Each structure stands twice: as structure tokens, then as C-alpha cells.
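# Summary of structural features
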Amino acid sequence: MTTIPPSIPQVTSARSRRPALDPKKRHELQALKPDVRSRVLRAYRRDAPAVMSVIERALEQRDTAGVRDGAHRLKSSSSAIGASRLAELYGALETAARRGLLGDERTVVTELRAELLRVLTGLSNVGDG
Amino acid sequence: VDASRAKILIVDDDETERALAGAGFADDGLEVFEATNGSDALRVFQEQQPQIVMLDVVMPGIDGYATCAELRRRAASADVLILVATSLDDTESIELAYRAGATDFIAKPIHFGILRHRVQALLRAQRERAVVQQKIAHMAFHDELTGLPNRAFLKEMLPYVVEQARRRERVGAVLSIDLDGFKRVNDTLGHAAGDTLLREVATRLEGCLRGSDCVTRGDLAGSPADAIARFGGDEFVVVLSDLASTDDAALVATRIVRVLTKPFEMVLAEVDGVRLGEQELHVNCSIGIAPFPSSEDDSDRLLSNADAAMYDAKKSGGGKFQYYCADMSRKATEALELETNLRRALERGEFELHYQPKVRCSTGVVEGVEALLRWRRPGVGLVSPLDFIPLAEKTGLIVPIGAWVIRAACAQAKAWALEGFADLSVAVNISTRQFRNRELLDLIRSSLSDAGIAGSRLEVEITEGSLMEDAKHAASVLNELRALGVKVAIDDFGTGYSSLSYLRLLPVDTIKVDRSFVRDVTVNQDSAAITAAILAMSHSLRLESVAEGVETQEQVEFLMRHGCPVVQGFLFSKPLPAAELVAWLRARDVEPESASAAVTPIRRLPGIPRPTVTTGE
């Protein structure tokens, strides 16, 4: 079962046709030893929403360094589990923060939340958790 | 747990990535450790000493670069691999990573499949490097023949052992071990036999040290243990690191002497399993012991002190051990200083010849002189040959010095001829080493021709030992000398082991009766009997006899009574510089009666007839 923190509302995004997880990566994750797989998934499910909250707070406070580091971290881990669309979004946010060009945070946050939810949902089909 | 399993430390604040990276490495057989931040990484690194570290750049707290630099600083081995994970497009962070000491960077997002192969390749290269380095270190610190540590190893280790002993309030000792008679084995049985012997000696030495747990160590780490090293040749050094008292070193030394003096069974060849030329070898050893801690804890000092004690033990006959005492070091320093100065003495012209007259009993005429080497050492004065000839023999300096003597003596004979002493012959002493030297004859020929004197003006004095060492060589040299007209005298006769009948076979002209017999002829019946016998046999072989070291009138009377034709000694004159000798000769010629009694003893014994020689033949 997937537990979603209350800060991220359940939104279904139909905009992206790309699957939330790359099929190849999904396959790799499924091929992992069960204990490793469950650890990877557990860590991502725990950390990604938590770091997302940190990013949101940083955005509100115009804390560019906080946005940059949080986005960097989720860019990496999202990429590592095959969530390439989400990784791209975090990458764009990281670059914007790095350049001091943060725009309307509400749009960004909405988009990130939607994609993150898609990914977390996708992960629940990968295996046990 | 396989001790050779490589360890990898993954440093990342994100568990998802640590877990994914670690899973792949674990599948490849690596032992995986994780750290979530910089300070955590340093702690795990210290504990586990991994071969490879994978480091994320962006972390809260100490960032990846600072962590990398600190790891590099702390790494016991410069060979630890540090991979820094950074975005491929971020050239600045790549540069920073290298500057912090990273081995390489990993592009993010990480392609774990590629990373695993890359890590395997890096580890393989690291292992190969380690093997090569180990081999080099082993070669640099070990003796190839015996596999024992070598001098370099011991020198590296000794300060540490001494310091440990001092801290733990224990004592230790350096033992310098030298085999007596090893050179003979090498010379007579060949180097292969010598090598076999050295290996066997190494094995026996290892057996001598206390428990099996404290034999030689191959590394410098850990607690000190006893060590054996081969310093080259037949020189071994043992370090006893933990003794209750310095007296205990003697127990080990005794054991070593006992073990090494047991015969060695040597097989010179083996054909189809059949041992040929089986031989029992006997060697002896001398051991010098330098205890520590002492006031002279410096490693070089300890080793040279042990050496000095070893030489002392060797001098007293071998098969012994000897503790170092301060006096030895003083003696060794003096010997070294003497050797240095002796080397320079030739080029600085510090040698001179003094001449002692030989007087014919029947006429009182001085027919020849013996040239005796003196060293006028600046700041010291005249040094006795007894103090430097043995050293010159040992160092081989005797050969160039001896050559100088021959040339100088020939030149002097020419000078005397010009001063009116055309018949005066000069005798020079030839050392064993010089006699063995193939260039001796050429040297004598050129010295005679350069001086422009006849061979008959020169006489060479050779000890019995030189002649007996290689009789065939001796016979050929003596024949050549005779062809040149150079006379040959056997020096110190009676002290060696040659028989007169053997001398009959060699072209010898003169026998010089050793001073030790002459000194005692009037007080010791044995000396008197031996002297009389030598004189009688010499006469029967038609050889000239000269008695050396004549100091009293009574000795002259005895010698004349037994038919000694020529005498030499302080009774007539001490050895004189060339100019003084001429003055002395002139004084005799002009006013023989008024000269001192000691100078002309012959003329005061006119009534003594030529003795009749009675021989046993």
C-alpha cells in the first residue's frame, strides 16, 4: 500500500503520455533482489514526499539554496529509479534556482506534485513495499 | 569472510541511491559500506579502510569536495580510489573534484551497469599495482639468496625496535655475526656451494631465535619481534627485541655459535637422485653484541658497535662472542683514521726508508743494508711499521707501498754508488701479497733499469710463509730473480714450517735467522740449539746466513762460534736515514779503532777463528 502525505493532494495527470517510470528501469527494479528492491522503494516513498515538502517551504520563503539542494536530490533519486519525467522537472527547478530565476511557485508545485504522485503510484505496481 | 574481498564505501545522503548502487556492487562481490554524510564517511573510512570510495558531491554538512580532500589526506595508502559523482554538464565541479584528489568522476544520472564495470576495472588495476609494489618492496627489503630481510629493512626497523624497548622498559641487543672460513668454502668449492651454505646458515639462525612466533617479520607494523637480516657476504645481523636483561643476549649468542659450528652436510652434485661429492663442512662464527637502549641508540651506531665487538671476537680466535665496550669504538675509529691517512701517505710522500747495516763477522765490512719502511706521520711523528704494516696488508695498500719501497731502495743504491759505496747492496722486504702480485718481476726490472744499477745490488727478503703458499709460483719467481742477479733471502727463518731440505729445491741465497732465536741464544738452550742447527744446515747447503736482532757482545760470540757469517742489529747500528748511514760508514772506514765499541765489535774479537761446521749429514 502506498501512503501519501497530506501535503500532496491526489491529482491524476493526463497531460503526460510518457509513463511515470521508464519501462526498462521498471524492469531493472523488478529484477532486484527482494530485500534490496523493498529498501529502494521504501526509501524513495519515504524521502521524496518529505523532500518535496522542504522544497515547497523553501519556495515560499524564496530560499533559493534550499530549493536548489532539494531539487538536486530528487532529480538524482528520481532519475535513479527511472522517473525520468520527474527528474527533468526537478532538474529544471534546480537550474532555475541556481540562476535565481524562480517563477510562479504554485504552477511549479502543482506540476511536481502531480508527477510525483504518478511516480509513487507507478512504483506501487513494481513490487512489494 | 574472504579477506581479499574489496571494500567499497558509498557516501550519499540519499538512501535510494545508496541502496541501488550498493546492490550492484554487492552482486559483484564487493563488501559494501554506506555513509550518509561527510563526517560519517570519514568515520567509516577510518574503521573499514575501503579500497574504493564513491562520493556524492552535494551533501548537507561537509560537502563532497571537502570530504574527498580529507579522505585523501587520511588514506594510509595513496592508492585508495575515490570516485566523485557529479553532473556531466558541470565542468566546474569535475575540476573541483580532481583538485580535491578524486581518482575519477561519475556522471549523473548514474548508469549503474557502466559504473559496476568501471569499478571492477579500477580495482583490477589497483590490485595489479599493489602486487608490483609489494614485489618491489620485497626486493628492496629482502636478500634474494636467503629470503631474509636485508640491511635496508633492518635499518628501517631498528629505530622502532629500540624505541619500543625504551618505552616498555625492556632491553634488546644487536648481534653482528660473521662466519669464519666462509671465503675458503667459496674459493675451494665454488659459489654455488657457498650459496647453499649461506642458505643453511640462514635456516639455522632462524631456528635459534626463541619461539616460532617470533621469527622474521616481513612488515614494519605490529609489535617488535626478533629479526634476522643478511647484510651481504657472510655477514648476518640478529636483533633481539625483548630481553629481560642484556645478559640474555649471551644465551642466544652461545646457541648461535653452537648451532653454526655443527658440520654442514653439502652435496656438490646430484645425478639421478644419487648424491655425489657429499662433503662435511665446518665453519665457525664470531659474534659481536651491542645492547640497547644505551647512550648510543642511533641505529648506525648500534650496528657499528656490534661490528667492532664482532671483530674483537674474531681477533681472539673465532667461535666466540663479545659484548661491545666503548674502548672498541675508540680503537675502530683510530683504525679507520689510520687507514685514511695511510692511503694518503703515499701521495703525500710521508714514507721514508731507514737502513740497517749488515756486518760480515770475518772482516767487519758492511756489505749490505736492509731497507726498513718508516712513516713520518704529520703531527704524530715516526710511526712504527708494527702499527701500520698489518693494516696495509689487510687493505692491500701494501702493494703500492711495497712498489715504492723497491723503487726508492734502488734509487738510493744508485745514489750511494755515486758517493763511493758502489758495492753496497740493499735488501727490501717483500710482503706475501706483493710476492703473489704478478707485476712484481716487471716492477723489479724497471726499478733496476730506471736507477741504472745491477741486479746484484738488490736483495729481496721473503718470508717462509710467502714461499710455501704457492711453491710452484715461488720457484718461478725466484728463478726469474736469479736470472736478474737479484739475491733472495728467507726472512724470519725458523718461525715457519719449511724445512731446509725443501729450501734446497728453491734458488735461495741467504737465510736470515729470526730475531726471536737470536735474542735468547745465551739464555735459552732450545734457542741456542735451534740457532746452531739452522747455521750448520745453512752452511751445508752453501747458503749465506744472517743473524738478525743482535744486541749484545755475548750473542755475537755465540753466533761466530757457530759459524754465522753476517750479523745485523742494534749492537752495530739502529736503522739510519740514508744520509746518516753514509756518515756512519765513513766514520768506520776512517777511524775504526776510535769508533764506539758497539759499532766495531768484530775487530775486538780478532782471535776467534772461522768455526768448523758440524752437521748431522
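To start, this report covers the structure provided alongside it.

Cut-offs and rules
Residues numbered from 1 in each chain as written. Chains lettered and ligands numbered in written order. Predicted model: local features only at pLDDT ≥ 70, side-chain atom pairs only at ≥ 80, totals over all residues. Heavy atoms only, no water. Helix = DSSP H or I, 4+ residues; strand = E, 2+ residues; numbered from the N terminus. Buried < 20%, exposed > 50% of the residue type's maximum accessible area, 1.4 Å probe, protein only. Contact = heavy atoms within 4.5 Å. Areas by Shrake-Rupley, 256 points an atom, 1.4 Å probe, with all protein chains shown as cover. Axes fitted to C-alpha atoms, helices over the stretch in contact; angles between N-to-C directions. Parallel < 35°, antiparallel > 145°, perpendicular 65-115°, else oblique. Left-handed = near helix turned anticlockwise from the far one by under 90°. Nonpolar A, V, L, I, M, F, W, Y, C, P; charged D, E, K, R; others polar. Phe/Tyr/Trp six-rings, centres within 6.5 Å; stacked < 30°, edge-to-face > 60°. Lys NZ or Arg CZ within 6 Å of the ring centre and 35° of its normal. Polar contact = N/O pair within 3.5 Å; in protein donor to acceptor, adjacent residues only side chain to side chain. Lys, Arg positive; Asp, Glu negative; His and termini not counted. Salt bridge = Lys/Arg side-chain N within 4 Å of Asp/Glu carboxyl O. Buried area = accessible area lost by both parts, 1.4 Å probe.

In this section: the overall build of chain B. Summing up its helical and strand segments, chain B has 22 helices and 22 strands in all. A total of 617 residues make up chain B; the buried ones form 49% of that total. Across chain B, the fraction of contacts at a sequence separation of at least 24, relative to all contacts at a separation of at least 6, is 67%. As displayed, chain B offers around 29,300 Å² of accessible surface, 52% of which is attributable to carbon and sulfur atoms.

Quick look at the overall build of chain A now. Counting its regular elements, chain A contains five helices and zero strands. Counting from the amino terminus, helix and strand elements in chain A follow one another as α-α-α-α-α. Residue burial in chain A is summarised as follows: out of 129 residues, 50% are buried. A separation of at least 24 residues holds for 76% of the contacts in chain A among residues at least 6 apart in sequence. Carbon and sulfur atoms make up 52% of the accessible area of chain A, which totals about 6,700 Å².

Before going further, it helps to examine the packing of helix α2 (residues 34-60) of chain A against helix α1 (residues 15-27) of chain B. Axis separation between α2 of chain A and α1 of chain B bottoms out at 8 Å; the angle between their running directions is 165°. As summarised for this structure, α2 of chain A and α1 of chain B are arranged roughly antiparallel, according to the angle between their axes. In the crossing of α2 of chain A with α1 of chain B, the sense of the turn from one axis to the other is left-handed. Facing α2 of chain A, whose interface residues are Val 36, Arg 39, Val 40, Ala 43, Tyr 44, Arg 46 and Asp 47 of chain A, α1 of chain B presents Glu 15, Thr 16, Arg 18, Ala 19, Leu 20 and Ala 23 of chain B. Taken together, the residues of the contact of α2 of chain A with α1 of chain B sort by class into seven nonpolar, one polar and five charged.

Here we come to the packing of aromatic side chains. Residues and elements named next belong to chain B. Under the counting rule described, the total for this entry stands at eight aromatic pairs over all chains. Taking 6.0 Å as the distance between ring centres and 45° as the angle between the ring planes, the aromatic pair formed by Phe 351 and Trp 375 counts as tilted. Of this pair, Phe 351 sits in strand β13 (residues 351-360) while Trp 375 sits in strand β14 (residues 366-377), and the two are 24 residues apart along the sequence. This pair shows no difference in class: Phe 351 is buried, exactly as Trp 375 is. Aromatic side chains Phe 351 and Trp 404 sit 6.2 Å apart centroid to centroid with 45° between the ring planes, which places their arrangement in the tilted category. You can see Phe 351 sitting in strand β13 and its partner Trp 404 sitting in helix α13 (residues 398-418), a full 53 residues away along the chain. Through a chain of ring-to-ring contacts, three or more aromatic side chains come together here, namely Phe 351, Trp 375, Phe 388 and Trp 404. The ring of Phe 264 carries the charged tip of Arg 204 above its face, separated from the ring centre by 3.7 Å.

A few words on helix α3 (residues 64-74) of chain B. All names here are of chain B. Turning to α3, its buried residues are Gly 64, Tyr 65, Thr 67, Cys 68, Glu 70 and Leu 71. In this structure, the buried side of α3 is in contact with α2 (38-48), β3 (52-56), β4 (81-87) and α4 (91-99). Measuring from the backbone nitrogen of Tyr 65 back to the side-chain oxygen at the start of α3 gives 3.2 Å, which picks out Asp 63 as the cap.

Among all residues save glycine, negative phi is the norm, and among peptide bonds the norm is trans. Residue and element names in this part refer to chain B. The amide bond that connects Phe 292 to the next residue, Pro 293, takes the cis arrangement and shows omega of -5°. Relative to the elements of secondary structure, Pro 293 occurs in the loop between β11 (284-292) and α10 (299-315). The phi dihedral of Gln 49 falls on the positive side, at around 45°, and the residue is not glycine. Among the secondary structure elements, Gln 49 is positioned in the loop between α2 and β3.

The next point concerns the side chain of Glu 17 of chain B. Its place among the elements puts Glu 17 of chain B in helix α1. Sequence-distant contacts of Glu 17 of chain B, that is, excluding residues within four places in its chain, are made with Arg 73, Ser 76, Ser 77 and Ala 80 of chain A together with Asp 12, Lys 108 and Phe 112 of chain B.

Residues and elements named next belong to chain B. Following the sequence through the fold, Arg 457 ends up in the loop between α15 (440-451) and β17 (458-463). Within the buried core, Arg 457 has no salt-bridge partner, and the shortest N-O distance to an opposite charge, that of Asp 423, equals 6.3 Å. Once you skip the residues sitting within four places of it in the chain, Arg 457 turns out to touch Ala 413, Ala 417, Phe 421, Ala 422, Asp 423, Leu 424, Ser 425 and Val 426.

Before going further, it helps to examine the interface of chain A and chain B. Contacts between chain A and chain B engage 19 residues on the former and 16 residues on the latter. For the pairing of chain A and chain B, the buried interface totals around 1,500 Å² over both sides, and the portion due to carbon and sulfur atoms is 52%. Of all residues in chain A, Arg 39, His 72 and Arg 73 of chain A bury the most surface against chain B, accounting for 33% of the area lost on that side. Our enumeration of links across chain A and chain B arrives at five salt bridges. Taking the shortest distance from any N to any O, the salt bridge between Arg 73 of chain A and Asp 14 of chain B comes out at 2.9 Å. Inspection of the chain A/chain B interface yields seven residue pairs in polar contact (both at pLDDT 80 or more). When contributions to the side of chain A that touches chain B are tallied by element, the ones reaching two or more residues are α2 and α3 (64-80) of chain A. The element that contributes the greatest number of residues to the side of chain A that touches chain B is α3 of chain A, accounting for eight residues. Tallied by class, residues from the side of chain A that touches chain B come to eight nonpolar, four polar and seven charged.

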